[in-house]
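# An overview of the molecular structure
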Amino acid sequence: NTKYPDCRIKFPISIANGECDGGDYNTEECGWDGGDCTEFNTKYPDCRIKFPISIANGECDGGDYNTEECGWDGGDCTEFNTKYPDC
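Parameters at a glance
- Residues numbered from 1 in each chain as written.
- Predicted model: local features only at pLDDT ≥ 70, side-chain atom pairs only at ≥ 80, totals over all residues.
- Heavy atoms only, no water.
- Phe/Tyr/Trp six-rings, centres within 6.5 Å; stacked < 30°, edge-to-face > 60°.
- Buried < 20%, exposed > 50% of the residue type's maximum accessible area, 1.4 Å probe, protein only.
- 1 Å grid on protein atoms, 1.4 Å probe; cavity = no way out; pocket = protein on both sides within 12 Å on 5 of 7 lines; lining within 4 Å.
- Points joined across faces, edges and corners; volume = space filled by probe spheres on them.
- Nonpolar A, V, L, I, M, F, W, Y, C, P; charged D, E, K, R; others polar.

## Section: the packing of aromatic side chains
Following the criterion strictly, the structure yields two aromatic pairs and no others. Measuring from ring centre to ring centre gives 5.4 Å for phenylalanine 40 and tyrosine 44, while their planes differ by 50°; the resulting arrangement is tilted. Measuring from centroid to centroid gives 5.1 Å for phenylalanine 80 and tyrosine 84, while their planes differ by 45°, and the two rings are tilted. Looking at phenylalanine 80, the relative accessible area reads 32%, which means it is partly exposed. Judged by relative accessible area, which is 44%, tyrosine 84 ranks as partly exposed.

What follows is the structure in structure tokens.
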């Protein structure tokens, strides 16, 4: 990708495709996935997950997604966390 010469990823076509891809795509070198991750990074600046598209998708994904940094999976895990606070 000529716009991001230091971006070393497997699928350059995924840059700026309208979907925030995680991992190596969501880096400064790749322009935060060509701008696709700007909103996600603003809303969840400390959320480091592989699939940002899974945040706030209507399903509680648990694990690293169900953390304060990731907004309890963008709110998807709120009901679960209320029902099972010690789980």
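Back to the write-up after that little detour.
## Regarding the layout of surface pockets
As a volume, the largest pocket reaches approximately 200 Å³. Along its surface, the largest pocket is lined by Cys20, Asp36, Glu39, Phe40, Lys43, Tyr44, Pro52, Ile53, Ile55 and Ala56. Its residues assigned to classes, the lining of the largest pocket comprises seven nonpolar, no polar and three charged. Put simply, the second largest pocket is a space of about 170 Å³. Around the second largest pocket, the lining residues are Ser14, Glu19, Cys20, Asp21, Gly22, Gly23, Tyr25, Lys50, Phe51, Pro52 and Ile53. Class assignment of the residues belonging to the lining of the second largest pocket gives a composition of five nonpolar, three polar and three charged.

Any functional reading would require information that these geometric values do not contain.
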